[in-house]
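# Residue-level structural notes
One-letter residues, chain by chain:
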Amino acid sequence: MARINSDKMKDFLKVYFIAGSTNVHGSLPTVLQQAIEGGISIFQFREKGNGALTGESKITLARELQQLCQKASIPFIVNDDIDLAIELDADGVHIGQEDDNIIEVRKKIGDRILGVSAHTLDEAKAALASGADYLGVGPVFPTSSKADTREVCGPHFIEELRHEGIDAPIVAIGGINVENATQVVHGKADGLSVISAISSANDPSDAVKMLNEAWK
Ligand SMILES: Cc1ncsc1CCOP(=O)(O)O
Ligand SMILES: C=C1C=NC(C(F)(F)F)=NC1=N
(Lines give C-alpha, C1' and ligand atoms only; values in the text may rest on other atoms or scores of the structure.)
(Ligands and ions follow the chains in the order given, each with its own letter.)
Protein backbone atom coordinates (compact mmCIF):
# COMPACT_ATOMS: atom_id res chain seq x y z
CA MET A 1 0.00 0.00 0.00
CA ALA A 2 1.49 3.38 -0.95
CA ARG A 3 1.24 6.78 0.75
CA ILE A 4 -2.08 8.51 0.16
CA ASN A 5 -1.94 11.15 -2.58
CA SER A 6 -2.56 14.79 -1.76
CA ASP A 7 -5.85 15.22 -3.68
CA LYS A 8 -7.40 12.13 -2.08
CA MET A 9 -6.23 13.34 1.35
CA LYS A 10 -7.82 16.77 0.74
CA ASP A 11 -11.13 15.10 -0.16
CA PHE A 12 -11.05 13.04 3.06
CA LEU A 13 -10.50 16.18 5.20
CA LYS A 14 -13.78 17.96 4.24
CA VAL A 15 -15.78 17.35 7.46
CA TYR A 16 -13.50 15.71 10.03
CA PHE A 17 -15.26 14.52 13.21
CA ILE A 18 -12.99 14.11 16.24
CA ALA A 19 -14.25 12.62 19.51
CA GLY A 20 -13.61 10.40 22.51
CA SER A 21 -15.97 8.99 25.14
CA THR A 22 -15.62 12.15 27.31
CA ASN A 23 -16.98 14.35 24.49
CA VAL A 24 -20.46 12.77 24.43
CA HIS A 25 -23.13 12.30 27.10
CA GLY A 26 -24.48 9.09 25.61
CA SER A 27 -22.94 6.40 23.46
CA LEU A 28 -20.10 7.52 21.17
CA PRO A 29 -20.84 4.76 18.64
CA THR A 30 -24.41 6.08 18.36
CA VAL A 31 -23.19 9.65 17.82
CA LEU A 32 -20.56 8.47 15.31
CA GLN A 33 -23.18 6.52 13.33
CA GLN A 34 -25.41 9.61 13.22
CA ALA A 35 -22.43 11.73 12.09
CA ILE A 36 -21.65 9.15 9.39
CA GLU A 37 -25.26 9.31 8.19
CA GLY A 38 -24.89 13.11 8.04
CA GLY A 39 -21.85 12.73 5.77
CA ILE A 40 -18.59 13.11 7.70
CA SER A 41 -15.57 12.32 5.52
CA ILE A 42 -13.14 11.02 8.20
CA PHE A 43 -13.16 10.24 11.96
CA GLN A 44 -10.49 10.56 14.66
CA PHE A 45 -10.74 8.63 17.93
CA ARG A 46 -9.25 11.02 20.52
CA GLU A 47 -9.54 9.48 24.00
CA LYS A 48 -7.99 12.15 26.26
CA GLY A 49 -8.64 14.16 29.41
CA ASN A 50 -9.98 13.19 32.79
CA GLY A 51 -12.37 10.30 32.61
CA ALA A 52 -10.78 8.98 29.42
CA LEU A 53 -10.95 5.21 28.97
CA THR A 54 -7.78 3.13 29.19
CA GLY A 55 -6.74 -0.48 28.61
CA GLU A 56 -9.27 -3.03 27.38
CA SER A 57 -12.28 -0.70 27.50
CA LYS A 58 -10.45 1.81 25.29
CA ILE A 59 -9.49 -0.92 22.80
CA THR A 60 -13.03 -2.35 22.76
CA LEU A 61 -14.56 1.06 22.07
CA ALA A 62 -11.93 1.83 19.41
CA ARG A 63 -12.75 -1.45 17.59
CA GLU A 64 -16.45 -0.67 17.61
CA LEU A 65 -15.85 2.81 16.18
CA GLN A 66 -13.42 1.45 13.59
CA GLN A 67 -16.04 -1.04 12.37
CA LEU A 68 -18.57 1.75 11.84
CA CYS A 69 -15.98 3.68 9.80
CA GLN A 70 -15.06 0.59 7.77
CA LYS A 71 -18.72 -0.07 6.91
CA ALA A 72 -18.98 3.55 5.74
CA SER A 73 -15.58 3.45 3.92
CA ILE A 74 -14.26 6.48 5.78
CA PRO A 75 -10.77 6.59 7.32
CA PHE A 76 -10.46 5.73 11.04
CA ILE A 77 -7.66 7.78 12.61
CA VAL A 78 -6.26 7.33 16.15
CA ASN A 79 -4.98 10.34 18.10
CA ASP A 80 -1.57 9.99 19.82
CA ASP A 81 -1.80 6.26 20.68
CA ILE A 82 0.48 4.80 17.96
CA ASP A 83 0.50 1.30 19.49
CA LEU A 84 -3.31 1.20 19.52
CA ALA A 85 -3.39 2.36 15.88
CA ILE A 86 -1.05 -0.46 14.87
CA GLU A 87 -2.84 -3.08 17.00
CA LEU A 88 -6.14 -2.18 15.28
CA ASP A 89 -4.54 -1.62 11.85
CA ALA A 90 -6.16 1.81 11.84
CA ASP A 91 -6.03 3.90 8.66
CA GLY A 92 -3.77 6.45 10.32
CA VAL A 93 -2.68 8.46 13.33
CA HIS A 94 -2.70 12.10 14.38
CA ILE A 95 0.10 13.47 16.56
CA GLY A 96 0.86 16.84 18.11
CA GLN A 97 4.15 18.72 17.97
CA GLU A 98 5.04 17.45 21.45
CA ASP A 99 4.35 13.79 20.63
CA ASP A 100 7.01 11.33 19.54
CA ASN A 101 9.24 12.61 16.80
CA ILE A 102 7.45 12.61 13.48
CA ILE A 103 10.12 10.55 11.70
CA GLU A 104 9.95 7.85 14.39
CA VAL A 105 6.16 7.66 14.05
CA ARG A 106 6.37 7.45 10.25
CA LYS A 107 8.77 4.48 10.61
CA LYS A 108 6.32 2.70 12.96
CA ILE A 109 3.15 3.26 10.91
CA GLY A 110 4.54 2.63 7.42
CA ASP A 111 2.32 4.15 4.70
CA ARG A 112 -0.67 4.75 6.95
CA ILE A 113 -2.08 8.30 7.08
CA LEU A 114 -0.02 10.60 9.34
CA GLY A 115 -1.57 13.87 10.51
CA VAL A 116 0.45 16.43 12.48
CA SER A 117 -0.66 19.53 14.39
CA ALA A 118 1.12 22.72 13.32
CA HIS A 119 0.84 26.28 14.69
CA THR A 120 3.57 28.13 12.80
CA LEU A 121 5.02 28.17 9.29
CA ASP A 122 8.20 26.50 10.55
CA GLU A 123 6.25 23.72 12.27
CA ALA A 124 4.22 23.21 9.09
CA LYS A 125 7.31 22.97 6.88
CA ALA A 126 9.11 20.64 9.32
CA ALA A 127 6.11 18.33 9.65
CA LEU A 128 5.69 18.03 5.87
CA ALA A 129 9.43 17.48 5.38
CA SER A 130 9.26 14.68 7.97
CA GLY A 131 6.45 12.87 6.15
CA ALA A 132 3.12 14.26 7.33
CA ASP A 133 0.21 13.58 4.95
CA TYR A 134 -1.89 16.45 6.34
CA LEU A 135 -1.61 19.28 8.86
CA GLY A 136 -4.09 20.20 11.59
CA VAL A 137 -3.89 23.98 12.03
CA GLY A 138 -5.53 25.91 14.81
CA PRO A 139 -7.21 26.81 17.03
CA VAL A 140 -8.80 29.08 14.39
CA PHE A 141 -11.44 30.22 16.94
CA PRO A 142 -11.60 30.03 20.75
CA THR A 143 -12.42 26.53 21.97
CA SER A 144 -13.34 24.93 25.25
CA SER A 145 -12.74 21.37 24.06
CA LYS A 146 -9.01 21.36 24.65
CA ALA A 147 -7.46 22.91 27.73
CA ASP A 148 -3.91 23.65 26.66
CA THR A 149 -4.32 25.10 23.18
CA ARG A 150 -1.83 27.53 21.66
CA GLU A 151 -3.12 31.07 21.03
CA VAL A 152 -6.02 31.43 18.59
CA CYS A 153 -4.53 31.95 15.10
CA GLY A 154 -7.75 32.91 13.29
CA PRO A 155 -9.09 31.50 9.99
CA HIS A 156 -6.75 33.74 7.94
CA PHE A 157 -3.61 32.03 9.19
CA ILE A 158 -4.17 29.12 6.82
CA GLU A 159 -4.37 31.57 3.93
CA GLU A 160 -0.99 32.97 5.04
CA LEU A 161 0.45 29.44 4.92
CA ARG A 162 -0.89 29.14 1.36
CA HIS A 163 0.81 32.42 0.42
CA GLU A 164 4.04 30.99 1.85
CA GLY A 165 3.70 28.09 -0.59
CA ILE A 166 2.21 25.42 1.66
CA ASP A 167 -0.25 23.68 -0.68
CA ALA A 168 -0.33 20.38 1.24
CA PRO A 169 -3.63 19.11 2.76
CA ILE A 170 -4.62 21.32 5.71
CA VAL A 171 -7.59 20.89 8.03
CA ALA A 172 -8.62 23.75 10.34
CA ILE A 173 -9.49 23.01 13.95
CA GLY A 174 -10.77 24.85 16.97
CA GLY A 175 -14.15 26.34 17.78
CA ILE A 176 -15.57 25.62 14.33
CA ASN A 177 -19.38 25.48 14.04
CA VAL A 178 -22.12 25.96 11.48
CA GLU A 179 -21.99 29.76 11.94
CA ASN A 180 -18.28 30.25 11.24
CA ALA A 181 -17.49 27.27 8.98
CA THR A 182 -17.66 29.37 5.79
CA GLN A 183 -14.84 31.62 7.13
CA VAL A 184 -12.65 28.51 7.30
CA VAL A 185 -13.54 27.52 3.72
CA HIS A 186 -12.75 31.04 2.46
CA GLY A 187 -9.50 30.83 4.45
CA LYS A 188 -8.30 28.17 1.99
CA ALA A 189 -8.42 25.19 4.35
CA ASP A 190 -9.08 21.83 2.65
CA GLY A 191 -11.29 20.71 5.50
CA LEU A 192 -12.79 21.60 8.83
CA SER A 193 -12.53 19.46 11.95
CA VAL A 194 -14.86 19.61 14.91
CA ILE A 195 -15.48 18.03 18.28
CA SER A 196 -18.33 19.85 20.03
CA ALA A 197 -20.25 21.14 16.99
CA ILE A 198 -21.12 17.48 16.30
CA SER A 199 -20.67 15.69 19.65
CA SER A 200 -22.87 18.18 21.53
CA ALA A 201 -25.44 18.75 18.79
CA ASN A 202 -29.07 17.79 19.45
CA ASP A 203 -29.05 16.14 16.03
CA PRO A 204 -25.47 15.19 15.04
CA SER A 205 -26.57 14.10 11.57
CA ASP A 206 -28.18 17.48 10.90
CA ALA A 207 -25.12 19.31 12.28
CA VAL A 208 -22.89 17.45 9.80
CA LYS A 209 -25.22 18.28 6.90
CA MET A 210 -25.06 21.97 7.85
CA LEU A 211 -21.25 21.88 8.13
CA ASN A 212 -21.12 20.32 4.66
CA GLU A 213 -23.15 23.30 3.35
CA ALA A 214 -20.02 25.41 3.88
CA TRP A 215 -18.38 23.60 0.95
CA LYS A 216 -21.17 24.30 -1.52
C1 LIG B 1 -8.14 19.05 19.64
C2 LIG B 1 -8.02 20.51 19.40
N3 LIG B 1 -6.86 21.07 18.96
C4 LIG B 1 -6.90 22.41 18.79
S5 LIG B 1 -8.46 22.98 19.24
C6 LIG B 1 -9.04 21.41 19.62
C7 LIG B 1 -10.42 21.15 20.12
C8 LIG B 1 -11.46 21.37 19.05
O9 LIG B 1 -12.72 21.13 19.63
P10 LIG B 1 -13.98 21.98 19.18
O11 LIG B 1 -14.26 21.62 17.74
O12 LIG B 1 -15.07 21.50 20.11
O13 LIG B 1 -13.63 23.42 19.37
C1 LIG C 1 -4.85 18.45 18.25
C2 LIG C 1 -5.33 18.17 17.02
C3 LIG C 1 -5.18 19.10 15.94
N4 LIG C 1 -5.66 18.80 14.71
C5 LIG C 1 -6.29 17.63 14.50
C6 LIG C 1 -6.81 17.36 13.10
F7 LIG C 1 -7.92 18.08 12.91
F8 LIG C 1 -7.10 16.06 12.94
F9 LIG C 1 -5.89 17.72 12.20
N10 LIG C 1 -6.47 16.71 15.45
C11 LIG C 1 -6.02 16.91 16.71
N12 LIG C 1 -6.19 16.03 17.61
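Residues numbered from 1 in each chain as written. Chains lettered and ligands numbered in written order. Predicted model: local features only at pLDDT ≥ 70, side-chain atom pairs only at ≥ 80, totals over all residues. Heavy atoms only, no water.

## Focus: the packing of aromatic side chains
What the rule picks out here adds up to three aromatic pairs. Pairing Tyr16 with Tyr134 gives two aromatic rings, centres 5.9 Å apart and planes at 65 degrees, and the pair type is edge-to-face. Residue Tyr16 is located in strand S1 (residues 15-19), and its partner Tyr134 is located in strand S6 (residues 134-137); the two are separated by 118 residues in the primary sequence. Exposure remark for Tyr16: the relative accessible area of 1% places this residue in the buried category. (Phe/Tyr/Trp six-rings, centres within 6.5 Å; stacked < 30°, edge-to-face > 60°. Helix = DSSP H or I, 4+ residues; strand = E, 2+ residues; numbered from the N terminus. Buried < 20%, exposed > 50% of the residue type's maximum accessible area, 1.4 Å probe, protein only.)

## Focus: the site of ligand 1
Arg46, Thr143, Ser145, Lys146, Thr149, Ile173, Gly174, Gly175, Val194, Ile195 and Ser196 make up every residue found near ligand 1. At a separation of 2.7 Å, an oxygen atom of ligand 1 approaches a polar backbone atom of Gly175. Within the side chain of Ser196, an N or O atom sits 2.5 Å from an oxygen atom of ligand 1. Burial of ligand 1 by the protein chains amounts to 92% of its free accessible area of 380 Å². A per-class count over the shell around ligand 1 returns three nonpolar, six polar and two charged. (Near = heavy atom within 4 Å. Polar contact = N/O pair within 3.5 Å; in protein donor to acceptor, adjacent residues only side chain to side chain. Areas by Shrake-Rupley, 256 points an atom, 1.4 Å probe, with all protein chains shown as cover. Nonpolar A, V, L, I, M, F, W, Y, C, P; charged D, E, K, R; others polar.)

## With respect to the UniProt feature "binding site: 4-amino-2-methyl-5-(diphosphooxymethyl)pyrimidine" (unreviewed entry) in the protein
The feature "binding site: 4-amino-2-methyl-5-(diphosphooxymethyl)pyrimidine" (unreviewed entry), as given by UniProt, occupies Gln44, Phe45, Arg46, Glu47, Lys48, Asn79, Ser117 and Lys146 in the numbering adopted here. Tracing the chain through its elements places Arg46 in the loop between strand S2 (42-45) and helix H3 (55-71). Aside from chain neighbours lying at most four places away, what touches Arg46 is Ile18, Ala19, Gly20, Asn23, Asn79, Ser145, Lys146 and Ile195. In this fold, Glu47 is placed in the loop between S2 and H3. Assessed through its relative accessible area of 9%, Glu47 is described here as buried. In this structure Glu47 touches Gly20, Ser21, Ala52, Leu53, Lys58 and Leu61, once residues within four positions along its chain are discounted. Among the polar contacts listed, one links the side chain of Glu47 to the side chain of Ser21, at a separation of 2.4 Å. (UniProt positions renumbered as here; feature names shortened; annotations may be inferred. Contact = heavy atoms within 4.5 Å.)

## Digging into the side chain of His94
With respect to the secondary-structure elements, His94 resides in strand S4 (residues 92-95). Residue classification places His94 among the buried positions, given a relative accessible area of 8%. The residues touching His94, leaving out its near neighbours within four places in the chain, are Gln44, Ile77, Val78, Asn79, Asp80, Gly115, Val116, Ser117, Tyr134 and Gly136.

## Re the pattern of salt bridges
All told, the structure shown has ten salt bridges when counted by the stated rule. A salt bridge links Asp89 to Arg112; the nearest nitrogen and oxygen atoms lie 2.8 Å apart. One end of the pair, Asp89, is in the loop between helix H4 (82-88) and S4; the other, Arg112, is in the loop between helix H5 (102-109) and strand S5 (113-118), with 23 residues separating them in the sequence. Residue classification places Arg112 among the buried residues on the basis of a relative accessible area of 18%. Put simply, Lys216 and Glu213 hold a salt bridge, and the shortest N to O gap is 3.8 Å. Among the residues examined, Lys216 registers a relative accessible area of 73% and is labelled exposed. Within this structure, Arg3, Arg106 and Asp133 form a network of salt bridges that share partners. (Salt bridge = Lys/Arg side-chain N within 4 Å of Asp/Glu carboxyl O.)

## Brief notes about the site of ligand 2
Neighbouring ligand 2 are Tyr16, Ile18, Gln44, Arg46, Asn79, His94, Ser117, Tyr134, Gly136, Val171, Ile173 and Ser193. One nitrogen or oxygen atom from the side chain of Gln44 is found 2.9 Å from a nitrogen atom belonging to ligand 2. Between ligand 2 and the protein, one listed contact pairs a nitrogen atom with a side-chain N or O atom of His94 at 3.4 Å. For ligand 2, whose free accessible area comes to 310 Å², the fraction covered by protein is 92%.

## Considering the sheet that holds strand S8 (residues 191-194)
Ordered by their spatial adjacency, eight strands build a closed barrel running S1-S2-S3-S4-S5-S6-S7-S8, and the pairing between neighbours is parallel. Sheet twist, expressed as the mean angle between neighbouring strand axes with direction ignored, is 25 degrees. With three bridges joining them, S6 and strand S7 (residues 170-173) adopt parallel strand pairing. Along S7, the bridge assignment pairs Gly136 with Val171. (Pairing = 2+ DSSP bridges. Axes fitted to C-alpha atoms, helices over the stretch in contact; angles between N-to-C directions.)

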